[in-house]
Amino acid sequence: MPLPPKVYTWLCGFFAALGSVTFGYDLGIIASVLPSEDFLTTTGNPDSTAQGLIVGCLLLGAFASNIYVGSLADHVGRRLAILAGCIIFLLGGSIQAGAQNIHYMYGGRFLAGMGIGMLAMLAPLYQAEIAHPSIRGRLTTLQQFMLGIGALIASFIGYGCYDGLAGQAQWRIPLAIQLLREYLYSKGWSRIGITDASIAALPLAFFVLLLPESPRYLAMKGRNEEALHVLGRLHAHGDIHDPFVVNEHKEILAQVRVEQQETRDAWAQLFLVKSNFRRLVLGVAIQFSIQMTGVSVIQYYVPRIFESIGIDTSTTLGLQSGNSVIALIGEGLCIWFIDRLGRRGPFIWGNALSGLTFVIGTIIIAVFPAGSNNHNASRAFVAMTWLFNLVFSSCCGPLSWAIPVEMFNSATRAKATAITSSAAWISNFMIAQLTPIAFDHVGWRFYLVFAVCGFSNALFFWAFLPETKGIPLEELDAYFDSVPLFVPASKVHAPDGETREEELRAGKIVVPEGAEMEEVVDEKDRGTIEHMA
């Protein structure tokens, strides 16, 4: 029996996101590698600054990848760019696993970071471009879910290797395991296969390039017939005459032609068009705000944090495994509610609640430091970190990748997402570098920064972040043109995704005002966004 089109599309997005497992694994495994005595000996007993750089080189590499990945994705396509990210990651991971001194770690982490940066940016980009409007959130939040799976795997492997092994095996094995996983991914051992007749097959031994290319990328390249057939494959069991497919195809072509008429320079569009620049600033702010919740402090330096309340490293790594399970639950919840509750509300409340958990945690660690031997206080602090992780994973982390990719048009999406992603990596690097130094100089007072920023984040996004749930990608330009800068004053209605899909199926095509699209849409189909007024 054929899979429903939305299920098939979701599975395509799911397997495209498998590269994000590397993101979560490499970010998570370093917490168990850094305390290893043999690792410290091999790398010359690095001080706090050098350890911060080991962590940070991954992030610098990810930042560097975003200089070119947007242009690469627009030049060779989304799938080939994903494959290139896998290859670069393999090289970096190999250097880490075979490191002979700290310089190997710097280089290996940087290259692995380049691969991770590419995969983390490309997965939600691809997912957004293949999705039905009504399930786009469920696809793009898979990025964080797969990251959570990688972090979960890292936490258990890291704990097992740290507690059960000694010598070089204690840290080389967990670094080497990621290579096998990524090798299988790059060779296609993680892909769903569906025939031209849309008959579902088990997710076995298929190659990533056999996934359908983004129809919006194909339309940008003038490959309109291919775009139509991909839309049919994704959304109608291969039926290119299905009304939804035909009208969605017309709307995509109309938007692409308008973009070509306005300017051929996507970079100019981003910075010179007021609406685009507003979205770019919002996307950068979203990614910076994520780091100011304190998530990376907990992720990278949890052994040191728990040590400050009297918990040893082995117990800490065990607790972190439980924390990873909680994160995965939160990410699953986000996938479930994102297309029901929208983006704006959960993101605002998630930031506020994250700030509240840091307020409580800071009070606990200030009143009951490591020497107090208060086990109840230690349990309460661990509970606050777990509660923070649940809130962050369900409301903040997934949305930081989902919102930016659905704010831009086809001409600017890849390049804009590269810029917003680079903000994630450079702010992540800043936290990774500052945290060891801050712990040495101000101790628990460093947590006050994140307690305050959680609430300031919530206030900022309450004022300036519009809702984007359910709006077709081609209609977002007009939507942002009509929503005022101060969002609470807006009277613009964001349509329900299911409703807009039915309108497309019924033949209602929305094209920009003044577009000359005689060969794409009929006169009666033209409009602005009257359904959002």
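Residues numbered from 1 in each chain as written. Predicted model: local features only at pLDDT ≥ 70, side-chain atom pairs only at ≥ 80, totals over all residues. Heavy atoms only, no water.

On to the overall build of the chain. A count of helical and extended segments in the chain gives 23 helices and zero strands. Looking at the 533 residues of the chain, the share that counts as buried comes to 61%. Sequence separation of at least 24 residues holds for 79% of the intrachain contacts in the chain that already meet a minimum separation of 6. Accessible area of the chain: about 19,500 Å², with a carbon and sulfur share of 66%. (Helix = DSSP H or I, 4+ residues; strand = E, 2+ residues; numbered from the N terminus. Buried < 20%, exposed > 50% of the residue type's maximum accessible area, 1.4 Å probe, protein only. Contact = heavy atoms within 4.5 Å. Areas by Shrake-Rupley, 256 points an atom, 1.4 Å probe, with all protein chains shown as cover.)

Moving on to helix α19 (residues 375-405). With 31 residues, α19 ought to run about 45 Å at 1.5 Å a step, and its terminal C-alpha atoms sit 44 Å apart, in line with that. When the local axis directions of α19 are compared, the greatest deviation, roughly 50°, occurs at S393. Where burial is concerned, most of α19 is hidden: 23 out of the 31 residues are buried. Between the side-chain oxygen at the start of α19 and the backbone nitrogen of N376 there is a gap of 3.2 Å, and the oxygen is on N374. (Expected span 1.5 Å × (residues − 1). Bend = angle between axes of the 7 residues up to and from the residue. Polar contact = N/O pair within 3.5 Å; in protein donor to acceptor, adjacent residues only side chain to side chain.)

This part is about the confidence of the model for the chain. The predicted model of the chain averages 83 in pLDDT, with 89% of residues at 70 or higher. Confidence drops under a pLDDT of 50 for residues 187-206, and excluding neighbours within four residues, the segment shows 43 contacts in the predicted structure. Every residue in residues 521-533 is under pLDDT 50, and counting partners more than four places away or in other chains gives 34 contacts. (pLDDT = per-residue confidence, 0-100.)

Under the criterion given, the structure shown has 15 salt bridges. The partner of E501 in a salt bridge is K6, and the shortest N-O contact between them spans 3.1 Å. Residue E501 is found in helix α23 (residues 497-505), and its partner K6 is found in helix α1 (residues 5-16); the two are separated by 495 residues along the sequence. E213 serves as the salt-bridge partner of R79, at 3.5 Å between the closest nitrogen and oxygen. Taken together, the residues span a long stretch of sequence, with R79 in helix α6 (residues 78-97) and E213 in the loop between α10 (169-186) and α11 (215-220) at a distance of 134 residues. (Salt bridge = Lys/Arg side-chain N within 4 Å of Asp/Glu carboxyl O.)

Here we come to the side chain of S427. Among the structural elements, S427 can be located in helix α20 (residues 413-442). A distance of 2.7 Å separates a polar atom in the side chain of S427 from the backbone oxygen of A423. Beyond its immediate chain neighbours, meaning those up to four positions away, S427 contacts Q287, F288 and Q291.

Let us look at the environment of N351. Of note, N351 is situated in helix α18 (residues 344-367). For N351 and T293, which are 58 residues apart along the polypeptide, the C-alpha to C-alpha distance reads 7.1 Å. Apart from the residues lying within four places of it in its own chain, the contact partners of N351 are T293, C396, G454, F455, N457, A458 and F461. Within the structure, N351 has its side chain in polar contact with the backbone oxygen of F347 (distance 2.9 Å).

Next up on the list: the packing of aromatic side chains. Within this structure, the stated rule accounts for 17 aromatic pairs. Geometrically, the ring pair formed by F14 and F15 is edge-to-face, given 5.0 Å between the ring centres and 90° between the ring planes. Overall, F15 belongs to the buried group, its relative accessible area being 9%. Through successive ring pairs, a cluster of aromatic residues spans F358, F388, F392, F439, F446, Y447 and F450. (Phe/Tyr/Trp six-rings, centres within 6.5 Å; stacked < 30°, edge-to-face > 60°.)

The next point concerns the state of the cysteines. On inspection of all chains with the given rule, the structure shows zero disulfides. Unpaired in this structure, C395 has its nearest cysteine sulfur neighbour in C396, at a distance of 6.0 Å. Exposure remark for C395: the relative accessible area of 13% places this residue in the buried category. (Disulfide = S-S within 2.5 Å.)

Okay, the packing of helix α16 (residues 295-307) against α20 next. The contact between α16 and α20 brings their axes to 9 Å, and the two run at 25°. What the angle tells us is that α16 and α20 run roughly parallel. α16 and α20 meet at a crossing whose hand is right-handed. Judged by residue contacts, S296, V297, Y300, Y301, R304 and I305 of α16 engage N428, I431, A432, T435, P436, F439 and D440 from α20. Considered class by class, the residues forming the contact of α16 with α20 number eight nonpolar, three polar and two charged. (Axes fitted to C-alpha atoms, helices over the stretch in contact; angles between N-to-C directions. Parallel < 35°, antiparallel > 145°, perpendicular 65-115°, else oblique. Left-handed = near helix turned anticlockwise from the far one by under 90°. Nonpolar A, V, L, I, M, F, W, Y, C, P; charged D, E, K, R; others polar.)

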